[in-house]
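Single-letter residue listing:
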Amino acid sequence: MTVRLYRLLAALCDLLIATAFFLLWGWMKSSGGVGWWLTGIVLFVVVWMEVCWRLRGSPGKAMFNLGVNYGSRGTVYLRELVGKMATWLTMGFGLLPIFSSKQRALHDYIANTDVSRSLNGSGLADVLRIGFAAVAGGLVVLAFVGEKNSPASTTASVPVKWNVGDSSKAVMTIHVYRGKDEYAQGSGFLIDEQGTAVSNVHVIGSGDRAEVELEDGRKFPVTDVRAYDMNQDVAIFKIGNATPGAATTFPKVQLGTSDALQILDKVVVISSPEGLSNTVTEGVLSAKRGGDQPALQVSAAISPGSSGGPVFDEAGRVVGVAQSQWEEGENLNFAIPVEVVTILLKKPDMNVTTQKFFTGVLHRDVNSDKDYDEDDNTTTAKH
């Protein structure tokens, strides 16, 4: 093999060594701050130059028994620091002159040095070769093992099965009252451990007070409405502890996104149709309806009493809020995209009691069956 080819291979080895340092350099900058970062650069330059001086060439050259006729340590710095920076700043074209008759790269011309075969230091060259091969092989093995054991790889190879029972614990039956009498019943679900929940406006707003019942039979009063969207028919509210002063940690569901949901993707609805708490129905996404009131059309059953229940994707993330069924059609069920909920969560809390929400916001009368006031064109879905 010619000196030219050895030089190219040596340059590749040096580049790999420098790359390993710069990876460490980036870690030092992120974990130790700018001070450690600058210290690392200085140490690398000093150590590298000293190694080049003692090897009479870079580590890569020593592996291929190449030597450089340095005149002094100053020549080392001129060639290996200034000269090679110039070579690489020319996008590597500074190496091309090695194919000329003088076999000099740009940094050789800058420092007035030559590279030639060296018969000395073969033992050191063998050590460098073995060390370089061991480190490179180790990095390859570590990268392979790390990739196999990474969370992304594990998730891709062994999908985690959704435990429907865990999500069902966060689904509630909502009992709504006007005065002393129960007026309506619907569904809802908890989205945090502090008792924040989601349902439809037409469910939570159909009475002047409400009570929720969880799967385990515990009952809690609805204390206030946090936010709502009348047009999209979504309300976010808080439930309180039945025992004042007692601490309670509530189960919760995970919110997802409906954007990635595709037609025929599986969906699951957990709700309380006709008061049958925590009923699970399964279907697929039939269509995505747009317009002023975007909706997810699903084949999973949504019956009276299901309104406000969560619609899950296969991974157990909430992608929608059950709203209504088309009574004159067969298996035509609709849900509100979960993005409406995530937008509402960013709004300031209203902190309006359910009674104030019922009488002051929706302008309803306890003794009236009227759903919304004359200025509201929204139609009530079946609940």
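Conventions we followed
Residues numbered from 1 in each chain as written. Predicted model: local features only at pLDDT ≥ 70, side-chain atom pairs only at ≥ 80, totals over all residues. Heavy atoms only, no water. Helix = DSSP H or I, 4+ residues; strand = E, 2+ residues; numbered from the N terminus. Buried < 20%, exposed > 50% of the residue type's maximum accessible area, 1.4 Å probe, protein only. Contact = heavy atoms within 4.5 Å. Salt bridge = Lys/Arg side-chain N within 4 Å of Asp/Glu carboxyl O. Core = buried A, V, L, I, M, F, W, Y, C linked by side-chain atoms within 4.5 Å. Expected span 1.5 Å × (residues − 1). Lys, Arg positive; Asp, Glu negative; His and termini not counted. Polar contact = N/O pair within 3.5 Å; in protein donor to acceptor, adjacent residues only side chain to side chain. Phe/Tyr/Trp six-rings, centres within 6.5 Å; stacked < 30°, edge-to-face > 60°. Pairing = 2+ DSSP bridges. Patch = residues over 30% accessible without salt bridge, like charges linked within 9 Å, V, L, I, M, F, W, Y side chains within 5 Å. Areas by Shrake-Rupley, 256 points an atom, 1.4 Å probe, with all protein chains shown as cover. Arc of directions from axis to C-beta.

Would you mind going over the overall build of the chain with me for this structure?
Looking only at helices and strands, one finds eleven helices and 16 strands in the chain. The buried share among the 383 residues of the chain stands at 43%. In the chain, 62% of the contacts between residues at least 6 apart in sequence involve partners at least 24 apart.

Even after reading the chapter, I still don't get the environment of M63, so can you show me in this structure?
Secondary-structure assignment places M63 in helix α3 (residues 59-63). Along the backbone, M63 and L9 are 54 residues apart, and their C-alpha atoms lie at a distance of 9.5 Å.

Is there a simple way to think about the pattern of salt bridges in this case?
Pairs can form between side chains of opposite charge whenever their charged atoms are close. Counted by the stated rule, this structure contains eleven salt bridges. Two residues, E80 and K84, come together in a salt bridge whose shortest N-O distance is 2.8 Å. Of this pair, E80 and K84 are both found in helix α4 (residues 73-89), four residues apart, which corresponds to roughly one turn of the helix. With relative accessibility at 6%, the residue E80 sits in the buried group.

How should the nonpolar core be read in this particular structure?
Generally speaking, a soluble globular protein has its nonpolar side chains buried in company with each other. One finds M172, I174, F237 and I239 to be the most contacted residues of the largest nonpolar core, which totals 43 residues. Element by element, the count of residues in this core is highest for strand β8 (residues 234-239), at five residues. Those residues in contact with I174, other than ones at most four positions away along the chain, are A184, Q185, G186, S187, G188, S199, V203, I204, A210, E211, V212 and F237. Counting 14 residues, the second largest nonpolar core, distinct from the first, contains W48, M49, M63 and Y70.

Any chance you could explain α4 here in plain terms?
Here α4 is 17 residues long and its end C-alpha atoms lie 23 Å apart, about the 24 Å a rise of 1.5 Å per residue gives. Here α4 has its buried residues at T75, V76, R79, E80, G83, K84 and T87. At the exit of α4 stands M91, carrying a positive phi of roughly 60°.

Looking at this structure, how should I read the side chain of D192?
Here D192 shows up in the loop between β4 (181-190) and β5 (196-199). One buried charged residue, D192, forms no salt bridge at all, with the nearest opposite charge on K238 at 4.9 Å. Of the polar contacts made by the side chain of D192, one reaches the backbone nitrogen of Q194; its length is 3.0 Å. Here T196 takes part through its side chain, which lies 2.8 Å from a polar atom of the side chain of D192.

Help me understand the packing of aromatic side chains in this model?
Note on aromatic pairs: each is described by the distance of the centres and the angle between the planes. All told, the structure shown has four aromatic pairs when counted by the stated rule. Taking the centre distance of 5.0 Å and the plane angle of 80° together, the rings of F220 and F250 count as edge-to-face. Placement of F220 in strand β7 (residues 219-229) and of F250 in the loop between β8 and β9 (254-255) is noted, with a sequence separation of 30 residues between them. Residue classification places F220 among the buried residues on the basis of a relative accessible area of 4%. Taking the centre distance of 5.2 Å and the plane angle of 75° together, the rings of Y228 and F357 count as edge-to-face. In this pair, Y228 sits in strand β7 while F357 sits in helix α11 (residues 354-361), placing the two residues 129 residues apart along the sequence.

Teacher, can you tell me more about the pairing of β8 here?
A regular strand places its side chains so that they alternate between the two faces of the sheet. Within β8, five of the six residues are buried, which leaves the element mostly enclosed by the surrounding structure. Pairing geometry for β7 and β8, over six bridges, is antiparallel. Counted as the bridge partner of A227 is I236 from β8. Taking the residues between adjacent antiparallel strands as the criterion, β7 and β8 are bridged by four residues, where D233 takes a positive phi near 65°.

What exactly am I supposed to notice about a nonpolar patch on the surface here?
On the surface, a nonpolar cluster with roughly 710 Å² of combined accessible area is contributed by L5, L8, L9, M91, F93, L96 and F99. Looking at the secondary structure, you find F93 in the loop between α4 and α5 (106-111). Take F93: its relative accessible area is 56%, and that puts it in the exposed class.

Could you clarify how one ought to interpret α11 in this entry?
Each α-helix winds once per 3.6 residues, and so residues spaced three or four apart point in a common direction. All of the buried residues along α11 are T354, F357 and F358. Axial view of α11: buried residues confined to an arc of 95°, hence all on one face. Those residues of α11 hidden inside the fold are in contact with β3 (171-178), α9 (201-204), β6 (209-214), β7 and β16 (352-353). Positive phi shows up at H363, right after α11, with a value of about 55°.

I would appreciate a short explanation of the pairing of β7 in the present structure.
With three bridges connecting them, β6 and β7 associate as antiparallel partners. Following the sheet pairing, E213 is matched in β7 by K219. In textbook terms, the turn of a hairpin is the stretch between consecutive antiparallel strands, and for β6 and β7 this stretch comprises four residues, one of which, G217, has a positive phi near 95°. Both β7 and β16 contribute to a ladder of two bridges, which runs antiparallel. Bridging from a neighbouring strand, D224 pairs with T353 of β16.

The analysis is restricted to geometry; functional conclusions fall outside its scope.
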